[in-house]
Amino acid sequence: MTTSASVPAGSEGGIQDTVTDRLVAANARYAAEFTDPGMDAHPVLRVAIVACMDARLDLHAALGLELGDCHTIRNAGGVVTDDVIRSLTISQRALGTRSVVLIHHTNCGLETITEDFRHELEMEVGQRPAWAVEAFRDAEQDVRQSMQRVRTSPFLLHTDDVRGFVFDVKTGLLREIDPA
């Protein structure tokens, strides 16, 4: 399998392209063939997916999703933070989603760090981050915590269809987590 990581950045006229230059060039090729799909911001399947930002997770392919099917909210660990609640609230109240799917994964980087990360940053830059790292040791337990945060948020209208999963990065399979 070829990944973008295995393709070296080219150089034209002796000038090395940056990754951002490669992305902008790819966008120009995409835009040349682009046609307006004629849809608005309301997801067709009325679902919002909260997942880890890990580059190994191709959510659309893994879940059989097409453009416009869902809202996708990603962050480190896929944890439900205040900003995720903000996005879910907008997704539900302004754009009609009704279901929430939470996806963590095996071998997550947040399992390898601790909240000390914040203190190390403070020592390095002279200012403590206002955000929590939200590190965890057990992805299943963190999925349960995230489901509970969604279900108990006073801002969310639809908390009956909230399900959580752990994606196995070696097999590509989702394993559903019992909320209890």
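The preceding data block contains the structure.
Being a predicted model, the structure only gives us computed values, none of them experimental.

A. Spatial organisation of the sheet that holds strand β5 (residues 99-105). Reading across from one edge, β4-β3-β5-β6-β7 is the order of the five strands in this open sheet, with mixed pairing throughout. A single partner strand is all that each edge strand has here, and the edge strands are β4 (70-75) and β7 (174-177). With direction set aside, neighbouring strand axes in the sheet form an average angle of 25 degrees. One ladder, built from five bridges, connects strand β3 (residues 47-52) with β5; its direction is parallel. The residue bridging A51 from the neighbouring strand is I103, located in β5. Across the sheet, helix α3 (residues 82-95) is in contact with β3, β4 and β5; its angle to β4 comes to roughly 170 degrees.

B. Highlighting the environment of I113. Looking at where I113 falls in the secondary structure, it is placed in the loop between β5 and α4 (116-125). I113 gets classed as partly exposed once you look at its relative accessible area, which sits at 27%. Between the alpha carbons of I113 and V133 there is a distance of 8.6 Å; along the sequence they are 20 residues apart.

C. Representation of the environment of D40 in the model. With respect to the helices, strands and loops of the structure, D40 is situated in the loop between α1 (19-33) and β3. Considering only alpha carbons, one finds D40 and L95, 55 residues apart in sequence, at a separation of 9.5 Å. A polar side-chain atom of D40 sits 2.9 Å from the main-chain amide nitrogen of H42.

D. A look at the packing of aromatic side chains. Considering all chains together, one arrives at one aromatic pair under this definition. Geometrically, the ring pair formed by Y30 and F34 is tilted, given 5.4 Å between the ring centres and 50 degrees between the ring planes.

E. The environment of M39, seen in detail. Along the chain, M39 falls in the loop between α1 and β3. A residue is classified by how much of its surface remains accessible, and M39, at 41% relative accessible area, is partly exposed. For the pair M39 and L67, spaced 28 residues apart in sequence, the C-alpha to C-alpha distance is 9.6 Å. Not counting the four nearest positions on each side in its chain, M39 is found in contact with L67 and G68.

So, how was this worked out
Residues numbered from 1 in each chain as written. Predicted model: local features only at pLDDT ≥ 70, side-chain atom pairs only at ≥ 80, totals over all residues. Heavy atoms only, no water. Pairing = 2+ DSSP bridges. Helix = DSSP H or I, 4+ residues; strand = E, 2+ residues; numbered from the N terminus. Axes fitted to C-alpha atoms, helices over the stretch in contact; angles between N-to-C directions. Contact = heavy atoms within 4.5 Å. Buried < 20%, exposed > 50% of the residue type's maximum accessible area, 1.4 Å probe, protein only. Polar contact = N/O pair within 3.5 Å; in protein donor to acceptor, adjacent residues only side chain to side chain. Phe/Tyr/Trp six-rings, centres within 6.5 Å; stacked < 30°, edge-to-face > 60°.

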